[in-house]
Amino acid sequence: MTFGRVKGGLFLAAALSAVVGFFYSTEALAIQGTLMDDAYTASTKPTSKFGSVPTIVISPTTTGFIQFDLSTLPAGTLPEDIVKANLTLYVTAGSVKVAGAFSVKAVAASWDELNITHSTAPALGATIIGSIPVALTDSSQFITLDITNLVKNWVGGVIHNRGIAISAVGSTNLSFDAKESGTTGHYAQLDITLESGYVSGTGPTGPMGPTGATGPTGATGVTGAQGPTGADGSQGATGPAGNTGPAGTTGATGADGATGAVGPGITFKGEWDNAVNYDPADVVVHNGETWFAVFSNTGVEPVNGNTGCDIGGGEACWVKLAAIGATGDTGPVGPTGATGSTGATGPAGPTGAQGDIGATGATGASGPTGPTGAKGDTGDTGAIGATGPVGPTGAQGNTGATGATGATGSTGPTGAKGDTGDTGAMGATGVAGPTGPTGAQGNTGATGASGATGTAGPTGAVGITFEGLWADATSYQARDVVTYNGETWLALFDHTSNVNDFPGGTSDCGDGSQACWSKLAAMGATGDTGATGATGATGPTGAKGDTGDTGGTGATGPVGPTGAQGNTGDTGATGATGASGPTGAKGDTGATGATGATGPTGAKGDTGDTGATGATGATGVAG
């Protein structure tokens, strides 16, 4: 026996079979056996059933079982017709816990995946392959085993086809994908390659001899077995597509839909106020920006990152409708206004009056010089003249000319485009053109010569019955096969289907908790798209239908929220100076100015007259 490995990835067993057949005969025929049962038993759980699980576990305490139906082989196939028989297994991703090896043996008694347990497991027969090595790196890889001699023995009736058993060698622990795997669909496959001329081993028919004389009619013989049906002839070429039928008339315009509910309006509330209760759809301005109330709130400041509303207070109470525009460029400085004329100087205050000059006293006769008299008091300084009144304020100068208006700012960005309206209803499909004529059927292949009836072989395993698409409320028998959602399923129990026990649905069969169906084949990958057929000739254009009545104008949708405010434009150029306005009212009298400096001292008055000479004092006592 031989075996090999194929790296993980998309694996096509049929392609492998074709390759195997190529090396043996350019006319070989590849046939696949039908996987009927796969399961494993566990000595640690002797009464548990593992026939509906997605993997086949191989370990020191578990043994795997796999069984194929060989009824797909042509009738009369003999052991010598078989060139090769390869069993392909897929190692489940990440399942190699302990590296080592496993062995393959023939199974010696009947079993099925629904009932097999460790306690009821069949006896095992001869060893087919004693040791197949497994490494930790074999996860997600295919392992192909040559079991040609075993399959020949099954076909020749040397041993009954009871399938194979897979056992761990030593402490090896790994898993293979079962047909119930919904992950990859890489269940076990048996590919059998047959030589050409396989039917009953009959050699080529010799040339026909000359017709003999007609003998007497013999007794009617036993009707021989019906020969195999000849191969179907190739399908005739598809006839050309029929001409396209005329376009159907345009359907009547549908009735106008009901007017939608009026959307909520907005209410402008001016500047935001911390003490005001705001309702949803209220709009305020704050710090130069416009905000829209999403929830009722009081005291929540409309700023970026505001929260505190809705359940838990985690939602924003306000959303920004319009951000503050960028400051526009500063306009040019206007020309300096003309300097106003200087006000007239107020009149100088009058000089204060000069003090009176004292009268001059008469000169007395010169007497003896007496003691010097005391110096007379200095005359009083004349009073300082009163400060003159402050002169009136000069007239206000003319207002300088107004600077030119700055240039107009650039237009702000266009608001966001509104949502596209709903697409109108599609017109009715035109009438399909007539189907082109069916191509001629290919010639029926010649019927092969009937082979001699062989001895009856041993009764084969219970076959399967294909029932087509699964249908509700249908009675199914165990081993019935259906298709459902692109996959193939095998009935495990007799039951009548209902909406819950569709393939892959509720497990309510057997003891009431077992699956009713087991997956035989998962949905394959989508094939490559076929080449596009040639375009048929364009049919004549149908007559133009009458134009339908124009539908009523739909109700106007609610006004969308105001777009964000554009950036402030540049300051416009300074306009021409306007005419001088009337002179403003006289301003209030200014505060009293500071006291003026002391005026100059008045001129010294004339010396007064000398006072009269005092009386001569008494003569002193003679010395």
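The coordinates are above.
Residues numbered from 1 in each chain as written. Predicted model: local features only at pLDDT ≥ 70, side-chain atom pairs only at ≥ 80, totals over all residues. Heavy atoms only, no water.

Details of the state of the cysteines
Phase 1: Tallying each qualifying case throughout the model produces 2 disulfides.
Phase 2: Between the sulfur atoms of C309 and its disulfide partner C317 the distance amounts to 2.0 Å. As the torsion about the S-S bond is roughly 105°, the C309-C317 disulfide counts as right-handed. C317 shares its class with C309; the two are buried.
Phase 3: Put simply, C509 and C516 are joined by a disulfide, and their sulfur atoms are 2.0 Å apart. Residues C509 and C516 are joined by a disulfide whose S-S torsion is about 90°; by sign, that bridge is right-handed. Each member of the pair, C509 as well as C516, is classed as buried.
Phase 4: Here the disulfide map of the protein chain reads 1-2, 3-4, the bonded cysteines being numbered as they appear in the sequence. (Disulfide = S-S within 2.5 Å. Buried < 20%, exposed > 50% of the residue type's maximum accessible area, 1.4 Å probe, protein only.)

Remarks on the pairing of strand β12 (residues 189–194)
Phase 1: Counting buried positions over the 6 residues of β12 gives 6, a clear majority of the element.
Phase 2: Going residue by residue along β12, you find Q189, D191 and T193 tucked away on one face and L190, I192 and L194 tucked away on the opposite face as well.
Phase 3: Both strand β2 (residues 29–32) and β12 contribute to a ladder of 4 bridges, which runs antiparallel. Note on β12: the bridge partner recorded for A30 is T193.
Phase 4: With 6 bridges joining them, strand β6 (residues 82–90) and β12 adopt antiparallel strand pairing. What sits directly across from T88, in β12, is Q189. (Helix = DSSP H or I, 4+ residues; strand = E, 2+ residues; numbered from the N terminus. Pairing = 2+ DSSP bridges.)

Describing the packing of aromatic side chains
Phase 1: One pass over the full model with this rule turns up 8 aromatic pairs.
Phase 2: Ring centres of Y278 and W318 lie 5.3 Å apart, and the angle between their planes is 70°; this geometry places the pair in the edge-to-face category. Placement of Y278 in strand β14 (residues 277–278) and of W318 in strand β18 (residues 318–322) is noted, with a sequence separation of 40 residues between them. Taken individually, Y278 and W318 each receive the classification buried, so the pair is uniform in this respect.
Phase 3: A ring pair is formed by Y484 and F502, whose centres lie 5.7 Å apart and whose planes are at 35°; its orientation type is tilted. Of the two residues, Y484 sits in strand β21 (residues 480–484) while F502 sits in the loop between β23 (495–496) and β24 (517–521), which places them 18 residues apart along the sequence. (Phe/Tyr/Trp six-rings, centres within 6.5 Å; stacked < 30°, edge-to-face > 60°.)

Thoughts on the environment of T55
Phase 1: Turning to its location among the elements, T55 is positioned in strand β4 (residues 55–58).
Phase 2: Note: C-alpha distance between T55 and V91 (36 residues apart in sequence) is 9.4 Å.
Phase 3: Excluding its chain neighbours within four sequence positions, the residues that come into contact with T55 are Y40, T92, S175, F176 and A178. (Contact = heavy atoms within 4.5 Å.)

Topic: unusual backbone geometry
Phase 1: Even without being a glycine, A281 presents a positive backbone phi close to 80°.
Phase 2: Along the chain, A281 turns up in the loop between β14 and β15 (282–286).
Phase 3: In this model, N287 sits at a positive phi of 55°, which is unusual for a non-glycine residue.
Phase 4: You can see N287 is positioned in the loop between β15 and β16 (289–293).
Phase 5: In this structure N287 comes out as exposed when scored by relative accessible area, which is 56%.

What to know about the sheet that holds strand β10 (residues 164–169)
To summarise the sheet geometry, strands pair through backbone hydrogen bonds and adopt either a parallel or an antiparallel arrangement.
Phase 1: Read from one edge to the other, the open sheet built from 5 strands follows the order β3-β5-β10-β7-β8, with strand pairing classed as antiparallel. The outermost strands of the open sheet, each flanked by one partner alone, are β3 (34–42) and β8 (124–134). Pairwise comparison of adjacent strand axes, ignoring direction, gives a mean angle of 20° for this sheet.
Phase 2: Where strand β5 (residues 62–69) meets β10, 4 bridges bridge the pair, whose relative direction is antiparallel. In the sheet register, F65 faces β10, and the bridge partner there is A165. (Axes fitted to C-alpha atoms, helices over the stretch in contact; angles between N-to-C directions.)

So, the nonpolar core
Phase 1: Counting 43 residues, the largest nonpolar core has I66, F102, L145, F176 and I192 as its most contacted members.
Phase 2: By size, the runner-up hydrophobic cluster in this structure holds 14 residues, among which are V482, L490, C516 and W517. (Core = buried A, V, L, I, M, F, W, Y, C linked by side-chain atoms within 4.5 Å.)

Regarding the pairing of strand β11 (residues 174–177)
Phase 1: What you see with β11 is no split at all: L174 and F176 on one side and S175 and D177 on the other are buried throughout.
Phase 2: Pairing geometry for β4 and β11, over 4 bridges, is antiparallel. Paired with T55 across the bridge in β11 is D177.

A short note on the pattern of salt bridges
Side chains that differ in charge, positive against negative, can pair when their charged atoms come close.
Phase 1: Taken as a whole and assessed by the stated rule, the structure comprises 7 salt bridges.
Phase 2: Where R479 meets D37, a salt bridge forms, and the shortest distance between an N and an O atom there is 3.8 Å. You can see R479 sitting in the loop between β20 (475–476) and β21 and its partner D37 sitting in strand β3, a full 442 residues away along the chain.
Phase 3: A salt bridge links D146 to K84; the shortest N-O distance between them is 2.7 Å. Taken as a pair, D146 in strand β9 (residues 142–146) and K84 in strand β6 lie far apart in primary sequence, 62 residues in all.
Phase 4: The network of salt bridges with common partners includes D38, E113, K179 and E180. (Salt bridge = Lys/Arg side-chain N within 4 Å of Asp/Glu carboxyl O.)

Considerations on the sheet that holds β15
Phase 1: On the basis of which strands lie adjacent, the open sheet formed by 4 strands has the order β13-β15-β16-β18 and mixed pairing. Whereas interior strands pair on both sides, the edge strands pair on one side only; in this sheet they are β13 (267–271) and β18. Neighbour-to-neighbour, the strand axes of the sheet open up by a mean angle of 30°, direction not taken into account.
Phase 2: Across 3 bridges, the pairing between β13 and β15 is parallel. Looking at β15, one finds that T267 is bridged to D282.

Note that every value here comes from positions in space, so none of it alone points to a role or purpose.
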